[in-house]
Amino acid sequence: FTGSLDASSLLERIEIFTRTAHYEPFRVLIIDDSRAQATHTERVLNNAGIITRTLNEPIQAINHLAEFQPDLIILDMYMPDCMGTELAKVIRQHERYVSVPIIYLSAEDDLDKQLDAMNEGGDDFLTKPIKPSHLIATVRTRAERARHLKARIVRDSLTGLYNHTHSLQLLEDASTRARRDGQSLCFAMIDIDHFKQVNDTYGHPMGDRVIKSLALFLKQRLRKTDHIGRYGGEEFAVVLPDTSAADAFKVLDEIRQRFAEIRFPAQPVDLTCTFSCGITELSMAADTKTLTQQADEALYRAKKGGRNRVER
Ligand code: GH3
Ligand code: MG
Ligand code: MG
Ligand code: MG
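Residues numbered from 1 in each chain as written. Chains lettered and ligands numbered in written order. Predicted model: local features only at pLDDT ≥ 70, side-chain atom pairs only at ≥ 80, totals over all residues.

**Some thoughts on the site of ligand 1**
Stated formally: Think of it this way: take the backbone, place a C-beta atom on it, and check whether that atom is within 6 Å of the molecule or strand, in which case the residue is near it. The secondary structure listing takes helices from DSSP runs of H or I that are at least 4 residues long and strands from runs of E that are at least 2 residues long, numbered from the N terminus. Gly is placed with the polar residues, together with every amino acid not listed as nonpolar (Ala, Val, Leu, Ile, Met, Phe, Trp, Tyr, Cys and Pro) or charged (Asp, Glu, Lys and Arg).
The local shell around ligand 1 holds 15 residues, among which Asp193, Phe195, Lys196, Gly207 and Gly233 are the closest. Taken together, the elements giving at least two residues each to the shell around ligand 1 come down to strand 7 (185–192), helix 8 (195–202) and helix 9 (204–221). A per-class count over the shell around ligand 1 returns 3 nonpolar, 5 polar and 7 charged.

Shown next as C-alpha cells:
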C-alpha cells in the first residue's frame, strides 16, 4: 500500500482471506512401527496433497505433536514398545490434543478389539489392507471437521484472529522455544486510540469495521510466523518470534503510520483512526506474565505520551 487507503477494499480482502484459510494442506502424523506400512500410507496421502510426518517409535509422539501440529493422527494398533491404545490414552490426557482425530489403521479384524480401541480415545478404525480412496476420504472429512471445531475454539469470530486465551498459549509456546534455541522474541500489545469516541460518533458497526480492518492490516503486514491475536475489544496482541526489539519497533511503527492513513468513508467527514503500541523483548528470565505486564506498561507509556506511537 502507498498513500491513503480506502477501507472497503481492505474488508473485501478479509472475506477472501477467511475463505482461503481452509486451503492450507492437511497435516497427518503417522505412528507405525512398520516402515513399509508407514511409507505406503505416506505415499497414498502425499499423492492426495496431504502433508505427512512418520514416527516409527511411539515414544516420540508428544514432542512431535507440539511441533508438527497435525490435523489428524493415524495410529498403528500393535507396536513393540507400546500398544496404539495406550498411546491414544496418553495423547488424550493432554488438554490441547483432546480433539485431534485419531484413526487406527491395523490388520486387526476382530470387531470387539476394534471397539475397545475406539473406547480408548480413537475416532475411527480402518482395517488393512485399505483402498487408497477410502483412506483419503476418511482423512479429509475427519481433518476438515476437526479444523472447523478447532478454529471455533481458538479464534475470535469477528476478526478470525486468535482469541485471548490462545494468544497467551502461543506466547507461552513461542517463548519456550525461543529460550531453548537462544533466539530473540518480542511481544507487542496494540490498543486503538479514543475508540469509545468512534463508537459514540459513528456507531458500533463502524467500530467493528475499524477492528476488522486493523486485524487484516496486521495479517498483511506482519510475517507468516508471527502470531496475531485479538486480546480484547479493541486490543490486539502480537508475538514476533526471532525478532529483536529494534526490528519489532520498526515494523510496528511502520504499520502504525500506514494505519493512520486509512480513510473509513463516513458522513459528514471520513473517519481516520490511530493506535498505540507497547513492545517488550524476551529476556532469559521473563515468563509469560512478566512479558504481558511489561508490554502493558509500554502501551501505557505510549498512551500517556500522546497516543499514536510505539513504545518499548
Ligand atoms: P484510549 O485511547 O485510552 O484507548 O481510549 P478508548 O476510548 O479506546 O479506551 P477504552 O478502553 O476506555 O474504550 C474501548 C471501547 O471499545 C469501549 C468499548 O465500547 C469499545 N469496544 C470494545 N469491543 C468492541 C467491539 O467488538 N466492537 C465495537 N464497535 N466496540 C468495541
Ligand atoms: Mg505394528
Ligand atoms: Mg482498550
Ligand atoms: Mg483504546
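After presenting the structure, the write-up continues.
**Considerations on the pairing of strand 2 (residues 27–31)**
Convention followed: Burial is judged by counting the other C-beta atoms within 10 Å of a residue's own C-beta: 20 or more makes it buried, 12 or fewer makes it exposed, and any count in between marks it as partly exposed, with every C-beta position built from the backbone. DSSP calls a pair of strands paired once it identifies at least 2 bridges connecting them. By convention, a crossover is right-handed whenever its connection, traced from the first strand over the helix to the second and viewed with the strands pointing away, goes clockwise.
Most of strand 2 is tucked away, with 4 of its 5 residues classed as buried. Pairing analysis gives 5 bridges linking strand 2 to strand 3 (residues 51–55), with the strands arranged parallel. Across the sheet, the residue bridging to Val28 is Thr52, located in strand 3. Taken together, strand 2, helix 2 (residues 35–47) and strand 3 form a β-α-β motif whose crossover is right-handed. In the sheet, strand 2 pairs with strand 4 (residues 72–75) via 4 bridges, with the strands oriented parallel. Note that in strand 4 the partner of Val28 across the bridge is Leu72.

**What to know about the sheet that holds strand 9 (residues 235–241)**
Which entries qualify depends on this criterion: Two residues qualify as being in contact provided that their C-beta atoms, derived from the backbone, are within 7 Å of each other. Between N-to-C directions, angles cover 0 to 180 degrees, with each direction set by a line fitted to C-alpha atoms, over the stretch in contact for helices.
Taken in spatial order, the 5 strands of this open sheet run 8-9-7-11-12, and their pairing is mixed. Two strands in the sheet have a free side with no partner beyond their single neighbour: strand 8 (227–232) and strand 12 (310–311). Sheet topology places strand 7 next to strand 9; 7 bridges connect them, and they run antiparallel. Among the inter-strand pairings, Met189 is bridged to a residue of strand 9, identified as Ala237. Its contacts with the sheet place helix 7 (residues 164–181) against strand 7, strand 8 and strand 9, and it is angled at close to 140 degrees to strand 8.

**A few points about the packing of helix 8 against helix 9**
Packed helices, taken two at a time, are described by the angle between their axes plus the distance between the axes. Our working rule: An angle counts as roughly parallel when it lies under 35 degrees, as roughly antiparallel when it exceeds 145, as roughly perpendicular when it falls between 65 and 115, and as oblique in every other case.
Interhelical geometry of helix 8 versus helix 9 gives an angle of 135 degrees and a closest axis separation of 6 Å. The angle between helix 8 and helix 9 falls in the class oblique. When helix 8 is examined against helix 9, the residues Phe195, Val198, Asn199 and Tyr202 are found in contact with a partner set consisting of His204, Met206, Gly207 and Val210.

**Observations regarding the confidence of the model for the chain**
Operational definition: Every residue is assigned a pLDDT by the predictor, reflecting its confidence on a scale from 0 to 100.
Chain-level statistics for the chain give a pLDDT mean of 92 and a share of 94% at 70 or above. Overall fold confidence for the complex sits at a pTM of 0.79, while the interface term, ipTM, reaches 0.96.

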